[in-house]
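Read off the chains here:
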Amino acid sequence: MGKKSHTSPLFKLVKQALEIKKNPFPWTKAICAGFCAAIPALIGLLNGNLAYGMQAGIGGFTYLYVFNEPYAQRAKKLFGVMMGLSLLVGIGTILAPYPLLSALMVGVIGAVGTFIFGALKIPGPAAVFFVLCFSMTSGMPIDPALAPLRAGLVLMGGLLSWVIGMAGWLYHPHAPEMRAVKKVYLELACFLDSIGTENYDQARHRTVMKMKDTDDILLSGYISWRSSDLFNRLIMLNNHANTIFMHVMDRFSDQSGRLPPEIAAAVRGIVHSIDHKMNTRLNIRLPEEMNEDIDLLFRKIFDADAIMNEPVSKIIQEITIFKRPLTTLFGGAFDKNSIVFLSAVRYGGILTVAAIVAYSFDFYRSYWIPLSCAAVMLGSTIMSTFHRAIQRTLGTIIGILAASIILSAKPQGILLVLIIFSLTTLTELYIVRNYAIAAMFITPNALLIAESSTHLHKLSIFATARITDVLIGCFIGLIGTYLIGRRSASSRLPHAMAKTIRSQMQYFQVLFSAQSKGYSLGEIPAQSKMHTNLDNLKIIYTTALGEIPNNKSALGELWPAIFSMEQLRFHLDACLKTKDRPILPDESLAQVLFVFESMASAVEHKQTVVRKKIPEIKGFSKIQKEIADLQNALGEKQFNK
């Protein structure tokens, strides 16, 4: 019996939730976050009004949205977060006397925040701190007239976070972009090492995904009215990595033997040069035996040296930048079958229920109920939501006990500032290891800011009230997510896959027909549609893997098809940059489109795909191969109803 208990699903769930990850501690971000929270409190203390300083410290949550994005994107994101937090504190102060309106507003904040962060693919805590800042106002003295003052204080704290978050731009304005390009070349070197081994497919997929991620990072760092020499070189280096990859795919992907190790070493030499700010020449050692293909590959690698060291005016490369408009991104996510839209609606709906429960009963400082619910539902899948609930409950209970002790001691002055700094720093250090540990520090920190003026007459009552709120919030979040979303993703997989295949078909038709002559790079609607559909499909697939219950065997069999779609997307995008694309004869084009439609129709109706002949696509054999691979992958799969 003892052995069986250790292998039970509940034991595994708890074990997974409490697993400590081995991610490195983000010391710089953690210390900066500590300063963002503590400096406003210190300024308030020095000016004789600690309460104002503590309220300004709410704006310090802005810094928690700093990630490794380009500074051009970070500036806009932090500004939006800063303004949002300030506005919501003001609105929360105005609506505090009206519990029902506040409850409805909590749901709106959660839904809108989740949708925006999901549609724009912004990593981070999404709507949680917006819900926190709005909800905290219900725990402050009710006085709508103080709305402008509180909003202004939060805005000042957010402005400090913006300045600290952007400080790195002064001495290394393109550090995030450089890191991204370095990772592309490191992944490319690993891919070269994998040729002729069983790791080839995995390495190829990682390289394609890294190239796409880097494309997105460079696009987000682009400023139309300011383009530096270094940024242009990084764009060209990233494009060149794509060129090397395509050359390798054309010349070496089908060979059984391994490539000379000097090739991967040469690519890693590019990384070394980028590390030294492109001020060093490549020192490449050639293999003793070379054929024409390998010689040409080394020539392409040598071209990277020219990109890094020659004057930009001497490098004949056309740099084309196309960013998808926000209307396109939001339009693609605002769809009844979009997992982003559905998640936002679910998040807002459940959060509204939690807020109504919190404000309808006589809970002490009831805002902790919707806050706990919001934090639990931040998990991207039902399984991760269960993990979050376990982590949130255990971490918060310990954090509440710690906060109760701290508040009962009534810390004052500089000691309170140091405690806030320490708790914020520890939160950011441990959030990358395990959320349960981070929650131990998040909880007392938020309580110190909101409750520093509270006079605790009985420690046990305070702690019990807080723990009760957390348990209720976690329970509502878990039950709501389970009832509404337990099978929503897997039921949408066939439709999402069929929709993606059809959008790739439409993209292919434009590329290889006379229609392509009327479009320039980035102007093809079918391209944007394909990207939106494939991104949505991958989110749905990941969500389905975390559903309870799920058919892991059936879902696992679908991965090769999604893998092929991802590879096909890469080759179609690469094809778009090639000016000498052939126009396929009507018969061949019709046959390819028939293959696509047959796959989409079979998937949509949960039928086995029948393999059909794919005509030759001269000069683009990899596209032909990927379509065949997709057909083969779908031909071996059965969709379980």
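Quick look at the structure, then. Note that this is a predicted model, so its numbers are computed, not measured. Residue positions are counted from 1 within each chain, in the order its sequence is given. Two thresholds apply to this predicted model, a pLDDT of at least 70 for residue-level local features and 80 or more for giving and counting side-chain atom pairs, whereas whole-chain, interface and lining totals are computed over all residues. To get the side-chain values, take all heavy atoms of the structure and skip hydrogens and water.

A closer look at the side chain of H571
Keep this limit in mind: The way it works is that DSSP assigns letters per residue, a run of H or I at least four long becomes a helix, a run of E at least two long becomes a strand, and they are numbered from the N terminus. The rule is simple: take the accessible area with a 1.4 Å probe, protein chains only, and divide by the maximum for that residue type; under 20% is buried, over 50% is exposed, in between is partly exposed. Whether two residues are in contact is decided by their heavy atoms, any of which lying within 4.5 Å being enough.
Secondary-structure assignment places H571 in helix α23 (residues 552-576). We classify H571 as buried; its relative accessible area is 2%. When neighbours within four sequence positions are excluded, H571 is seen to be in contact with M246, M249, K622, I623 and E626.

Some points on the nonpolar core
Cut-off, in case you're wondering: In this description, a nonpolar core means a group of buried Ala, Val, Leu, Ile, Met, Phe, Trp, Tyr and Cys residues linked to one another through side-chain atoms lying within 4.5 Å.
In this structure, I58, F61, F130, L351, W368 and L448 are the most contacted members of the largest nonpolar core, which totals 73 residues. Beyond its immediate sequence surroundings of up to four residues, I58 is in contact with L85, V89, C133, M136, M140, V154 and I449. Counting residues in each nonpolar core, the second largest holds 54 residues, with M565, V592, V609 and A633 among its members.

Looking at unusual backbone geometry
Look at K121: it is not a glycine, yet its phi comes out positive at around 55°. Relative to the helices and strands, K121 resides in the loop between α6 (99-119) and α7 (128-136). The class for K121 is partly exposed, based on a relative accessible area of 45%. Backbone geometry places A126, a non-glycine residue, at a positive phi of 50°. Mapped onto the elements, A126 comes out in the loop between α6 and α7.

As for helix α22 (residues 525-545)
What counts, and what does not: Each residue after the first adds 1.5 Å to the expected span of a helix.
Over its 21 residues, α22 extends 31 Å from the first C-alpha to the last, a length consistent with the 30 Å expected when each residue adds 1.5 Å. Among the 21 residues in α22, 15 count as buried, and that is most of the element.

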